[in-house]
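Okay, here's what each chain looks like letter by letter:
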Amino acid sequence: HARLARTGIAPLTADQGLALFDTVIADTLSDQPTTQIIASRWDTAALRDRLDNGQPVPAVLRSLVRPSRRQAAPGEPAPSTSTSTSTGATGAGTPGGLAARLIGLAETDARTLMTDVVRGHVAAVLAHSSPSDVDADRAFSELGFDSLTAVELRNRLNAETGLRLPATLVFDHPTVSQLAEYLHRTLAPAAPAPDEVLREALDRVQALVESDAGGRARVVTVLQAALTRLGGDVLDVGVELNQTSDEELFAFIDSQL
């Protein structure tokens, strides 16, 4: 009931259901019956809340409501779009916003943030009063997820991350911890290895200095100083840097990479 209420679906009383049933029967027996009939009761306030909080609303229902935020008058500061909920779910506000928040965070802090975000949304989907009620290492199936709640969580995370995540998300990554790890890898991929960065840089530099004798000499000086800073064992390989030609130095670097 709580999940359906969040999507804007309101319950029908017995009297309302029977009245709608009578309407359908009468329509079916008429000379020009309606092509399709949907018996439903919509909570427009809940639908509007979804719009206001940046959560998806099915296209067929969007004409029922409009966002409640008042447009700022000329020269007036725009209203804040940040939101908070009792579940502790952390909103990104705009696609990619969460990825921007991860930039500059230490690895541990970034993983903690991502776990908190996922736990917050899981708590909201399962109608828990607090994200702390959600065990990050317990399987979603044991927490009470089914196919509908799995899709709702996917939709919430789509809005949070700006990604297009698969409907099988909670089955592919069956705990909060595993799902948070997957999202962290996707939004903040690991930095390239130092040797890969150096190899790419050397390829670009070598292409630039091939026809520039003066520039080549300056680059060699910088490389010699860098090799010395990186470790004295460089000289143990039998290459005396101060006595090598440019070609020998580049050949030595290529062999070490």
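All values reported here derive from a predicted model rather than from experimental measurement. (Residues numbered from 1 in each chain as written. Predicted model: local features only at pLDDT ≥ 70, side-chain atom pairs only at ≥ 80, totals over all residues. Heavy atoms only, no water.)

## Remarks on the overall build of the protein chain
Assigned secondary structure in the protein chain consists of 12 helices and 0 strands. Traced from its N-terminal end to its C-terminal end, the protein chain shows the element sequence α-α-α-α-α-α-α-α-α-α-α-α. In the protein chain, which comprises 257 residues, the proportion classed as buried is 29%. When contacts within the protein chain are restricted to residue pairs at least 6 apart in sequence, those whose partners lie at least 24 apart make up 55%. (Helix = DSSP H or I, 4+ residues; strand = E, 2+ residues; numbered from the N terminus. Buried < 20%, exposed > 50% of the residue type's maximum accessible area, 1.4 Å probe, protein only. Contact = heavy atoms within 4.5 Å.)

## Description of the packing of aromatic side chains
For the structure on display, the rule yields 1 aromatic pair. Here the aromatic rings of Phe140 and Phe145 are separated by 5.0 Å at their centres, their planes lie at 65°, and the arrangement is edge-to-face. Residues Phe140 and Phe145 agree in their burial class; the two are buried. (Phe/Tyr/Trp six-rings, centres within 6.5 Å; stacked < 30°, edge-to-face > 60°.)

## Considerations on unusual backbone geometry
One non-glycine residue with positive phi stands out, namely Ala127, at about 60°. If you trace the backbone, Ala127 turns up in the loop between helix H5 (107-125) and helix H6 (140-143).

## Re the pattern of salt bridges
Overall, the coordinates contain 4 salt bridges when judged by the stated rule. A salt bridge links Glu107 to Arg111, with the shortest nitrogen-to-oxygen separation between them at 2.5 Å. Pair noted here: Glu107 and Arg111 are both in helix H5, with a separation of 4 residues, about one helical turn. When its relative accessible area of 44% is taken as the criterion, Glu107 is described as partly exposed. On the basis of relative accessibility, which here comes to 29%, the residue Arg111 falls in the partly exposed class. (Salt bridge = Lys/Arg side-chain N within 4 Å of Asp/Glu carboxyl O.)

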